[in-house]
Structures are given as C-alpha cells and as structure tokens.
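Letter by letter, the chains look like this.
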Amino acid sequence: MSVESVIVVGGGPAGFAVVQRLRRGFFDGTVTLIASEGVPYDRPPLSKEYLAGTTDVEAIRFEPAEWFAEHEVDLVTGDVSSVEPDTGEVRLADGPTLRADRVVFATGGAAALPPIPGVEQSHDAGTVLTLRSLDDADALRARLGPGRRLAVVGGGLIGAEVASTAAGTGTEVVLIDPVDPPLVAAVGPELARRLHDMHAAHGVEVRTAAVAQVEAGEEATGRALRIHLDDGSEVAADTALIGVGMVPRTALAVAAGLEVDGGIVVDETFRTSHQRIYAVGDVARLRTDDGELQPRAEHWEHAVLSGGAAGAALLAEAGPSAGPEPIESPWFWSDRHGVHLEAVGSMAAPGRTITREIDGAPAVAFRVDETSRVIGCAAIDASQAVRVARRLIARGTVVDADDLADPDVPLKQLMRRR
Amino acid sequence: MSEPIRVAAVEDIDEGEALLLQPEVTGASEPISVFHGEDGGFYALDDECTHETASLADGLVDGDTVECPKHSAAFCLKDGRALCLPATRDARTHRVEVRDGEIYLHPGVPAQA
Ligand SMILES: Cc1cc2nc3c(=O)[nH]c(=O)nc-3n(C[C@H](O)[C@H](O)[C@H](O)COP(=O)(O)OP(=O)(O)OC[C@H]3O[C@@H](n4cnc5c(N)ncnc54)[C@H](O)[C@@H]3O)c2cc1C
Ligand code: FES
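This is a predicted model, so every value here is computed, not measured.

**Some details on the overall build of chain B**
Thought 1: When its secondary structure is counted, chain B shows one helix and nine strands.
Thought 2: The C-alpha radius of gyration of chain B comes to 13 Å, within 12% of the 13 Å expected for a compact globule of 113 residues.
Thought 3: With the C-alpha coordinates of chain B rotated into their principal frame, the extents come out at 40 × 25 × 25 Å.
Thought 4: For chain B, the residues scored as buried account for 49% of the 113 residues in total.
Thought 5: Put simply, 39% of the contacts in chain B that link residues at least 6 apart link residues at least 24 apart.
Thought 6: For chain B, the separation between the mean place of its 8 positive charges and that of its 23 negative charges on side chains is 7 Å.

**Topic: the pattern of salt bridges**
All names here are of chain A.
Thought 1: In this structure the tally under the stated criterion is 28 salt bridges over all chains.
Thought 2: With a shortest N-O distance of 2.9 Å, arginine 226 and glutamate 234 are connected by a salt bridge.
Thought 3: Here arginine 226 falls in the partly exposed class, since its relative accessible area comes to 24%.
Thought 4: Glutamate 342 is paired through a salt bridge with arginine 387; the nearest N and O atoms lie 2.7 Å apart. Remark: arginine 387 occurs in helix α13 (residues 383-395) and glutamate 342 occurs in strand β22 (residues 339-345); sequence separation between them is 45 residues.
Thought 5: By relative accessible area, glutamate 342 is classed as buried at 0%.

**Here's the deal with the domain arrangement of chain A**
Thought 1: Segmenting chain A into domains produces domain 1 (5-110 + 246-318), domain 2 (119-242) and domain 3 (338-414).
Thought 2: Distance from the C-alpha centre of domain 1 of chain A to the C-alpha centre of domain 3 of chain A: 33 Å.

**Section: the interface of chain B and chain A**
Thought 1: Across the contact, 22 residues belong to chain B and 26 residues belong to chain A.
Thought 2: Buried area between chain B and chain A, summed over both chains or domains, comes out near 1,800 Å², and the portion from carbon and sulfur atoms is 42%.
Thought 3: Of all residues in chain B, Leu60, Leu85 and Thr88 of chain B bury the most surface against chain A, accounting for 33% of the area lost on that side.
Thought 4: Here chain B is connected to chain A by four salt bridges.

**Focus on the packing of aromatic side chains**
Thought 1: Summed over all chains, the structure comprises six aromatic pairs over all chains.
Thought 2: Centroid distance tryptophan 67 of chain A to phenylalanine 68 of chain A: 5.0 Å. Interplanar angle 80 degrees. Geometry classified as edge-to-face.
Thought 3: On the accessibility criterion, tryptophan 67 of chain A (9% relative accessible area) is buried.
Thought 4: The structure contains a cluster of three or more aromatic residues connected by ring pairs, namely Phe16, Phe62, Trp67 and Phe68 of chain A.
Thought 5: It is arginine 141 of chain A that lies over the ring of tyrosine 50 of chain A; its NZ or CZ is 4.6 Å from the centre.
Thought 6: A cation sits over an aromatic face here: arginine 99 of chain B above tyrosine 104 of chain B, 4.3 Å from the ring centre.

**Side note on the environment of threonine 208 of chain A**
Residue and element names in this part refer to chain A.
Thought 1: Along the chain, the position of threonine 208 falls in the loop between β12 (205-207) and β13 (211-216).
Thought 2: Overall, threonine 208 belongs to the partly exposed group, its relative accessible area being 43%.
Thought 3: Between the C-alpha atoms of threonine 208 and leucine 175, which are 33 residues apart in sequence, the distance is 8.4 Å.
Thought 4: Sequence-distant contacts of threonine 208, defined by excluding residues within four places in its chain, comprise Asp177, Pro178, Asp180 and Asp231.

**Some words on the sheet that holds strand β9 (residues 102-106) of chain B**
Residue and element names in this part refer to chain B.
Thought 1: The strand order across the open sheet built from six strands is β1-β9-β8-β4-β3-β2, with neighbouring strands paired in antiparallel fashion. Bordering the open sheet on either side are β1 (5-9) and β2 (18-21), each of which pairs with just one other strand. Here the average twist between neighbouring strands, direction ignored, is 25 degrees.
Thought 2: Two elements, strand β4 (residues 42-46) and strand β8 (residues 93-99), share two bridges in a ladder whose sense is antiparallel. Bridged to leucine 45 within β8 is threonine 93.

**A closer look at the site of ligand 1**
All names here are of chain A.
Thought 1: Lining the immediate surroundings of ligand 1 are 35 residues, of which Ser36, Glu37, Arg43, Lys48 and Arg132 lie closest.
Thought 2: The separation between an oxygen atom of ligand 1 and a polar main-chain atom of alanine 14 is 2.9 Å.
Thought 3: A distance of 2.7 Å is found between an oxygen atom of ligand 1 and a side-chain nitrogen or oxygen belonging to arginine 132.
Thought 4: Coverage of ligand 1 by the protein amounts to 95% of the 1,000 Å² it exposes when considered alone.
Thought 5: At the level of secondary structure, the elements contributing two or more residues to the shell around ligand 1 comprise α1 (13-24), β2 (30-35), α7 (157-168), α12 (300-318) and β21 (331-336).

**With respect to the sheet that holds β22 of chain A**
Residue and element names in this part refer to chain A.
Thought 1: Spatially, the five strands line up as an open sheet ordered β21-β22-β25-β24-β23, and their pairing is antiparallel. The sheet terminates laterally at β21 and β23 (352-358), the two strands that pair on one side only. With direction set aside, neighbouring strand axes in the sheet form an average angle of 15 degrees.
Thought 2: Pairing geometry for strand β24 (residues 361-368) and strand β25 (residues 374-380), over five bridges, is antiparallel.

**Focus: the confidence of the model for chain B**
Thought 1: This prediction gives chain B a mean pLDDT of 94; 97% of its residues lie at or above 70.
Thought 2: For this predicted complex, the interface confidence score (ipTM) comes to 0.81, while the overall pTM stands at 0.90.

**So, the pairing of strand β10 (residues 149-153) of chain A**
All names here are of chain A.
Thought 1: Where burial is concerned, most of β10 is hidden: five out of the five residues are buried.
Thought 2: Residues Arg149, Ala151 and Val153 of β10 are buried on one face, and the alternating residues Leu150 and Val152, pointing to the opposite face, are buried as well.
Thought 3: One ladder, built from five bridges, connects β10 with strand β11 (residues 172-176); its direction is parallel. The residue bridging alanine 151 from the neighbouring strand is valine 174, located in β11.
Thought 4: A crossover links β10 with its parallel partner β11, the connecting element being α7, and its sense is right-handed.

Parameters at a glance
- Residues numbered from 1 in each chain as written.
- Chains lettered and ligands numbered in written order.
- Predicted model: local features only at pLDDT ≥ 70, side-chain atom pairs only at ≥ 80, totals over all residues.
- Heavy atoms only, no water.
- Helix = DSSP H or I, 4+ residues; strand = E, 2+ residues; numbered from the N terminus.
- Rg over C-alpha atoms; globule rule 2.2 N^0.38 Å.
- Buried < 20%, exposed > 50% of the residue type's maximum accessible area, 1.4 Å probe, protein only.
- Contact = heavy atoms within 4.5 Å.
- Lys, Arg positive; Asp, Glu negative; His and termini not counted.
- Charge placed at Lys NZ, Arg CZ, Asp CG, Glu CD.
- Salt bridge = Lys/Arg side-chain N within 4 Å of Asp/Glu carboxyl O.
- Domains from an automatic or database assignment.
- Buried area = accessible area lost by both parts, 1.4 Å probe.
- Phe/Tyr/Trp six-rings, centres within 6.5 Å; stacked < 30°, edge-to-face > 60°.
- Lys NZ or Arg CZ within 6 Å of the ring centre and 35° of its normal.
- Pairing = 2+ DSSP bridges.
- Axes fitted to C-alpha atoms, helices over the stretch in contact; angles between N-to-C directions.
- Near = heavy atom within 4 Å.
- Polar contact = N/O pair within 3.5 Å; in protein donor to acceptor, adjacent residues only side chain to side chain.
- Areas by Shrake-Rupley, 256 points an atom, 1.4 Å probe, with all protein chains shown as cover.
- pLDDT = per-residue confidence, 0-100.
- Right-handed = clockwise from strand over helix to strand, strands pointing away.

This is the structure:
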C-alpha cells in the first residue's frame with residue numbers, strides 16, 4: 001500500500017519534528033497535525049525563561065501559525081478520542097472522523113501526581129500544581145513573587161529548574177526531596193553534589209525528607225498549604241509544585257490494541273506493533289532489533305530525533321529514500337541558578353568516572369568503560385565537552401584517562417586525534 | 001558596508017576555531033564570528049544563535065557546520081542554513097575572502113552559497 005496521507009496526533013516537539021521532516025523530505029501527500037494545544041510550542045522554556053517572564057508565547061513556538069498553511073500542513077486544534085488501526089480512522093472528541101494511510105502517536109505525557117494523602121484535593125483547589133503545559137506555566141507564574149512561598153516537591157531536573165527560576169523572582173522557595181543529592185544516575189555523584197548544593201547558595205531552603213501528607217493550612221500557618229514531611233517536620237507554603245516525573249499518555253494506544261509496556265513499544269523505525277501506526281517522543285519505548293526493551297527516554301532531543309526518524313521512515317514508505325537515521329546516545333540539558341548542565345550517554349552504566357576540574361570545582365564527568373571508550377559525559381557550563389564526548393561515543397574512540405582529567409588538554413584535540 | 005575589513009591572518013584562527021568580532025570592529029549591528037571550518041574554508045555568521053541567546057563562537061565546529069553550545073542547533077557555515085531543531089531560522093552569513101594569507105570580511109554582504 002502506498003502512503004499518501006499521514007495524521008500526527010500531538011503537537012509537542014516530537015509531533016512537530018515528524019511534520020517538519022515530512023515536508024523537508026518533499027513528502028507530497030497530505031499531512032494533518034492534530035494538537036490539543038494548537039500551534040506547537042517548545043516545552044523546556046516553561047520552567048526557565050517563560051516561567052521567569054523573560055520570553056513570551058510567540059518566541060517559544062517552533063514556527064508561527066502561517067508556517068503550517070505555507071507548508072500545507074493541516075493543523076487541527078482538538079483532542080483525538082480514538083484511533084482505529086485497521087482502517088486508519090482517527091476520531092476527534094468533538095469533531096469529524098479523519099482518515100489516513102499512516103498515523104503517528106506523539107501524545108507525550110502528563111506530569112505525575114503521586115498518591116500522597118491530600119495531594120489530589122489540593123491539586124483540585126489549585127494550590128498544588130504540576131508543570132507540563134503552557135497553561136500550567138501560566139498558573140504557576142501567577143503564584144510566584146516576593147512574599148510568596150513555594151514548596152517544590154522533587155529535586156530532579158524540573159523541580160530544580162522551577163526552584164531556581166522561582167527564587168530568581170523573589171519567591172521564598174523550599175525544595176523537598178528524600179534523596180540527597182538527586183540526579184546521581186543522570187550526571188554522576190560529583191556533579192550531582194555540586195548542583196544540589198547550588199540551591200542553598202542561592203537562598204533555596206533544602207529539606208531532605210519525603211512528603212507524607214498535604215493539607216489546607218490557612219488556620220494553622222496562614223499559608224494555603226501545610227505540608228507534613230516523614231521526618232516529623234512541616235513546611236508552610238502558598239503553593240506546592242510537584243516535579244516527580246511524568247506518565248506517558250498511552251490510553252489511545254491501549255484502546256487501539258497496540259503493544260504497550262511502560263510506553264508504546266516501537267521498533268528502530270518507530271513503528272508500533274501495528275504496521276499503520278508509528279509512535280515517537282516521550283510516549284514511545286524502543287525495542288532494539290536484538291529484542292531488548294530500552295528504558296523510555298524523556299528528553300527533548302529524543303523527542304525531536306525520534307520524530308525525524310519516523311518522518312524518514314514514512315518518506316521511505318512513500319518512495320525511495322536515503323535510509324534510516326542513526327540512533328544517537330540520549331542527550332539533555334537543564335538550567336539552574338545561572339549554570340547550564342548537559343549530559344549525554346549514560347553516567348550509570350558499568351565503568352568508572354573521570355572528572356575534570358575547572359577553577360577548582362568538578363565541571364566535567366566522563367563515564368568510561370573497561371575498553372577505555374567514553375560511554376557518558378555530564379558537564380556544568382562546559383557544553384563543548386559534551387559535544388566532543390558525544391562524537392567520541394559515536395565513533396568509539398579509545399581515550400586516555402589522564403587526558404580526560406587534565407584541564408590543559410583541549411577536548412577537541414581528543415576528537416580529532418585518531 | 002561594502003568595504004572589506006582585514007580581521008586576522010590565516011594562521012590566527014586554527015582549524016575548528018572561531019574569532020568573535022564585536023560591532024565596534026566591524027561596523028555591523030551585531031557581533032559576527034569568523035570560523036575556520038574543518039574543510040579548510042573561512043566563513044562568517046552572525047554570532048548569536050537564531051534560537052535563543054548563545055554565542056556560536058563558543059560552539060563546536062564539525063566539518064562545515066557549527067553546533068550551538070546551548071541546545072545543539074547546527075548551522076551550515078557556508079550558507080547559514082539551520083540544519084536541525086531547535087533553530088528554525090537560518091543564520092545570517094557575511095562574505096569572507098582570503099588574500100595573501102589575510103582574512104577579509106565584508107560585513108553585511110551575504111556569502112554567495
Ligand atoms: C517544564 C519542562 C521543562 C523541560 N526541560 C527540558 C530541558 O531543559 N531539556 C530537555 O532535554 N528536556 C526537557 N524537557 C522534556 C521535553 O520537553 C520532553 O521530552 C518533550 O516535550 C517530549 O516531547 P513529545 O512531543 O514527545 O511530548 P509532549 O511535549 O508532551 O507533547 C505531546 C502533545 O500531544 C498533545 N496530545 C496528547 N494527547 C492528545 C490527543 N489525544 N489529541 C491531541 N493532542 C494530544 C499534548 O497536549 C501535547 O501538546 C522538559 C519538559 C518540561 C515539561
Ligand atoms: S540558543 Fe542555540 S540552540 Fe538554543
């Protein structure tokens with residue numbers, strides 16, 4: 001069957017990347033993007049510049065609304081309620097039923113709300129918030145500022161970013177996490193320690209404990225929330241932001257009978273268990289050709305690369321093509337308290353960590369396996385190191401540990417040596 | 001702005017490196033970076049990434065591309081084309097000439113691709 005029409009469900013970075021790839025690759029069939037949030041925008045600024053109020057909605061859109069018309073992409077604002085894989089029918093919650101030869105799920109995820117007593121009630125009351133969408137960011141931003149008190153639950157990437165941005169607006173911030181320091185698996189213990197310690201240095205109060213219960217607190221504390229921790233202490237706050245992870249939106253795929261296992265299972269071309277359906281971004285979970293299920297990625301670049309790869313696979317189905325795109329090592333960035341963090345590959349895979357200090361503080365951590373090849377790298381304000389490491393990983397270059405540790409050895413040199 | 005200005009000698013910018021030039025030097029409205037590509041060529045782009053705020057001079061030159069140090073958008077050094085997300089706008093190019101071992105920049109004159 002030839003492929004003459006594609007419907008993409010979900011307008012996050014992954015869904016947008018599919019559409020962009022199709023049009024850049026001169027796909028001449030019809031392309032429809034169904035997005036519950038309308039014109040696609042980028043999510044990372046929601047905890048950074050957008051939350052701080054230094055950028056606006058227009059600036060975080062990938063392309064302005066006109067781009068979609070100019071590139072003959074039918075942008076439909078709405079919610080898909082069901083997909084029928086055998087016929088390619090896509091039903092909108094309040095609208096028509098569309099049909100396409102191929103359907104791509106790019107439905108992303110929703111912020112997780114942990115089953116802690118009182119959390120759901122306070123979430124309904126608007127004092128416990130999560131952060132995933134533009135609307136969420138607007139709601140949170142309205143509750144920041146001098147005199148306000150914010151409790152951030154979860155010290156991972158999003159929690160740390162929100163704590164940092166909120167502190168920058170003059171909000172009093174308390175960061176609560178039972179793990180000290182968080183992020184060890186993502187960036188290694190040396191950098192995790194340095195990053196976590198930045199909170200206190202920037203006026204954020206850090207509590208190492210788990211939240212046991214949340215209740216309305218006006219009477220007891222004069223603040224909307226009274227948060228009980230498992231060490232017996234309490235935190236009073238006007239607002240709590242929960243940043244404990246996300247849950248992939250797999251309901252449509254489950255209802256469509258696709259294989260789902262902690263994410264919609266896809267092969268290396270991002271095709272699901274049904275040949276008509278692809279899945280990309282945070283909602284997809286890769287099973288590599290050797291049959292192994294990989295952990296689900298939850299980072300921006302994976303969203304964009306998987307969207308591009310599915311776009312390329314669709315182009316290949318529609319006509320001759322340049323072949324599959326390589327799968328890259330996972331890469332992410334995060335910003336807090338004025339520093340830029342990046343990591344690539346795995347800092348938790350078997351091997352040892354070599355750190356490079358800059359100005360007396362650990363700035364770059366390399367994970368190296370027993371064959372002296374780099375398998376992961378994390379860096380604080382040294383993104384060049386991560387750019388180089390990524391190429392060392394891709395090329396399987398054997399490196400000398402002393403060179404990695406020595407700040408006087410330019411990293412680019414390692415990449416160019418053979 | 002058609003007067004070319006001498007910005008450096010060829011040996012002043014190692015292959016894979018960049019030289020950042022402030023508006024005071026070039027007379028242009030924005031900082032410009034001159035890159036020595038790994039293909040041996042010299043190229044100039046507006047220094048600021050078209051995505052958010054980052055200096056492309058701090059990026060990683062790979063072949064005839066430069067990768068932004070912030071979120072890894074890549075630009076073609078030859079024609080400024082934004083090669084991948086998150087950038088969707090191309091970078092502005094400026095013509096560069098190499099004469100007698102000296103690098104000349106024509107600020108505001110696009111490089112012909
Ligand atoms: C606040 C925040 C900050 C982040 N910062 C970083 C960072 O600094 N670096 C980094 O690497 N990553 C970061 N991330 C992660 C990154 O943004 C995600 O990995 C990425 O957005 C995933 O893209 P996606 O397209 O798969 O899903 P999403 O971005 O979740 O998009 C899915 C879209 O599909 C829509 N949708 C879902 N179901 C339907 C339906 N039935 N019908 C129609 N539309 C539907 C949703 O409304 C949503 O708009 C951040 C995430 C958040 C929330
Ligand atoms: S600022 Fe250059 S890619 Fe974002």
